[in-house]
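# Residue-level structure breakdown
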Amino acid sequence: MQANERQSGIAKPLHPVVVSLLFLLFYVGLDGISYWHPIAPVAITPWNPPPGLSICLLLLFGMRYTGLLLLAALLAEWWVRDLPASLPVLLLASATLAGGYAVTAHVLARLLPERQLLTSLQLTRFVSVVALASLLIGCTFVAVFHVAGVLSTEQIGEAVLQFWVGDVIGILVVVPLILSYWQREERSHWALPDRLWLLILLALLWYVFALESTDEFRHFYLLFVPLIALALRQGLAGATVAVALTQVALIVLMRPRDPSAETIRGLQLLLMAYAVTGLYLGVAISERRRTQQLLLQQQLALSRANRMAAVSELASALAHELNQPLSAIALYVRACQRMLADAASVTEVDAVMNRIGAEVQRAGAVVHRLREFFRSGGLTLTSQSVNDLITRVVAAERPRCQSLSIGLELELAADVPNLLVDAIHLQTVIDNLLRNALDALSGRSGGVLRVTSRYEHGMVDIVVEDNAGGVPELLRPHLFETLTTSKPEGLGLGLAISRQLIEAHGGQLRYEALAQGSRFRISLPATPAV
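Scope of this entry: the structure provided in the associated data block. This one's a predicted model, so the numbers in the text were calculated from it and none came from an experiment. The numbering scheme is per chain: residues are counted from 1 as the chain's sequence reads. Reporting in this predicted model follows two pLDDT cut-offs: at least 70 for local features of residues, and 80 or more for side-chain atom pairs to be given and counted; totals over whole chains, interfaces and linings ignore these cut-offs and use all residues. Neither water nor hydrogens contribute to the side-chain values; these are computed over all heavy atoms in the structure.

Strands here mean DSSP runs of E at least two residues long; helices mean DSSP runs of H or I at least four residues long; both are numbered from the N terminus. Per the secondary structure count, the protein includes 16 helices and seven strands. Accessible area of the protein: about 26300 Å², with a carbon and sulfur share of 61%. Residue burial considers only the protein chains on display, and all accessible areas are found by Shrake-Rupley using a 1.4 Å probe.

A surface patch of nonpolar side chains, about 390 Å² in accessible area, is lined by Val 18, Leu 22, Leu 25 and Phe 26. Examined against the element boundaries, Leu 25 turns out to sit in helix α2 (residues 16–33). Within this analysis, patches are made of residues with over 30% relative accessible area and no salt bridge. Like charges are joined at 9 Å or less; nonpolar side chains (Val, Leu, Ile, Met, Phe, Trp, Tyr) at 5 Å or less. We define a salt bridge as a side-chain nitrogen of Lys or Arg found within 4 Å of a carboxyl oxygen belonging to Asp or Glu.

As a further point, take the side chain of Arg 265. Residue position: Arg 265 is located in helix α12 (residues 261–341). Arg 265 gets classed as buried once you look at its relative accessible area, which sits at 14%. Of note is the side chain of Arg 265, whose polar atom sits 3.1 Å from the side chain of Gln 162. When neighbours within four sequence positions are excluded, Arg 265 is seen to be in contact with Glu 158, Leu 161 and Gln 162. For every residue, the accessible area obtained with a 1.4 Å probe (protein chains only) is divided by the maximum for its type, and the residue is called buried under 20%, exposed over 50%, and partly exposed between those limits. For this analysis, a polar contact is any N or O atom pair within 3.5 Å, provided that within protein one partner can donate a hydrogen and the other can accept it, and provided that sequence-adjacent residues contribute only side-chain to side-chain pairs. Here, residues are in contact when the closest pair of their heavy atoms is within 4.5 Å.

To continue, consider the side chain of Ser 180. Mapped onto the fold, Ser 180 is located in helix α7 (residues 156–182). Sequence-distant contacts of Ser 180, that is, excluding residues within four places in its chain, are made with Leu 236, Ala 237 and Thr 240.

By this rule, a helix spans an expected 1.5 Å times one less than how many residues it contains. For helix α15 (residues 423–441), with 19 residues, the first-to-last C-alpha span of 27 Å sits near the 27 Å given by 1.5 Å per residue. Among the 19 residues in α15, 16 count as buried, and that is most of the element.

To obtain each axis, a line is fitted to C-alpha atoms, and for helices this fit is confined to the stretch in contact; angles are then taken between N-to-C directions over 0 to 180 degrees. Viewed as axis vectors pointing N to C, α2 and helix α4 (residues 66–81) meet at an angle of 35°, and their least axial separation amounts to 9 Å. Seen along the crossing, α2 lies across α4 with a hand that is right-handed. Packed against α2, whose contacting residues are Ser 20, Phe 23, Leu 24, Tyr 27, Val 28, Asp 31 and Gly 32, the element α4 presents Leu 68, Leu 69, Leu 71, Ala 72, Ala 73, Leu 75, Ala 76, Trp 79, Val 80 and Arg 81 at the interface. The residue makeup of the contact of α2 with α4, split by class, is 13 nonpolar, two polar and two charged. If you view the pair so one helix is near and one far, a crossing is left-handed when the near helix is turned anticlockwise from the far one by less than a right angle, and right-handed when it is turned clockwise. In this classification, the charged set is Asp, Glu, Lys and Arg, the nonpolar set is Ala, Val, Leu, Ile, Met, Phe, Trp, Tyr, Cys and Pro, and all remaining amino acids, among them Gly, are polar.

By convention, a stacked pair of Phe, Tyr or Trp rings (six-membered ring in the case of Trp) has centres within 6.5 Å and planes under 30 degrees apart, an edge-to-face pair has planes over 60 apart, and any other such pair is tilted. For the coordinates displayed, the defined rule picks out eight aromatic pairs. Each ring, one from Phe 220 and one from Tyr 274, has its centre 5.8 Å from the other, and the planes form 80°; the classification is edge-to-face. Highlighted residues: Phe 220 in the loop between α9 (216–219) and α10 (224–234) and Tyr 274 in helix α12, separated in sequence by 54 residues. Each member of the pair, Phe 220 together with Tyr 274, is buried. Centroid distance Phe 224 to Tyr 274: 5.2 Å. Interplanar angle 70°. Geometry classified as edge-to-face. With a gap of 50 residues between them, Phe 224 in helix α10 and Tyr 274 in helix α12 connect regions that are remote in the sequence. The exposure class assigned to Tyr 274 is buried, which follows from its relative accessible area of 0%.

Written out as structure tokens, the structure reads:
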């Protein structure tokens, strides 16, 4: 698939004739505009943007347009440069340019699969390939004219250097600019400050290069200020515009002058450093913005996932916690039915109905409090007697202990202080521990359930012990994790929810293995209740 993509290009389909005509027009036009201060007799200019246009053509529209590069190079050599060489020499020189930059485009297509300079690593590869390819092509191009007798030996070094620097600058300016704006789905909005920075850049270019009284080498550093500003505001798009505008302005403003070879070489190197600096800064800013956008998207996705998890956990918690009052309601309803069948007194039936009403209220409170807890983590704190809470929960479970012939021991320390707690949540946790113990003791002879409270070292401990044999050792490390259970029909949520509720109070819920059973300890800080 990648091979096909490289062959066919990735730009929107246009008629090949339209693409070819537009390319030839822009190639020859750019070559004519940038034709300034050439090295005689091979007419190598200090700035050469057409190679960048050639590489973009192949990257965007496919390698099938390689032959068009040869035609464009021939037209430019004949129409713009009017080189004093025979047709075979011009064909060989043009083939060197076309073939060299076709290979360059092929290598870049493999290194830039998305045809974009998205990262600093991709930009480094791009700059390295361009620098090496331009040097090799320049050496070959100059060698062709030297062998043909058009270029003397003394001119080879200057010609190769000017060819290499001029082509590198042209490619570094044109390719990122076209690739940056060709494939962007959303165009950046150039606000008023961005346009002001462009005007500042134009003003500085005029000041540095148009006024004869100024020294362009001494004041060139001023151009970095708007370049940095545009790169920071617009990323790679802003940097490419600033670099391209600077190159065009240099060509226009320096055309009336007749600088020395040293001046031209200095301007070339300055412009190359300017372009590389701007591209790296622009890519770094764009890469950082993409990373921030990706992080924001991941945070939004995580937030959605957390909300879904909270909803799922709430649903599971409600299913788990409502099972207890609903089971009690079912038992009381059956008791009422038996009592009515036995013609029991109204007072006895009324007492059971009151218990049903209490369980209904408890179910409603559990739903409300769990919903608030999983939505915001909030607690409804009130001053409560811990011993009274334990007593109420134990009283509700005493009938089951009696039906299962399980001994129930209750030892409550008299010095346990009142605490600021959420009564519904704390009762839910204690009731969950009692029911787990009763489930484990069910069917065992001599089963004993022991519930104690104690106040010591600034902590209030509520302990639930049983002699049901203990939790299997493999389950102990994961006992308070969701979906961990030893019950065939259990959901593995009770202990996980209980620990969350206790930790929300600033306390701890721990498991302690006993020789013949289990001990669950709730530890709450004894902050005095107001």
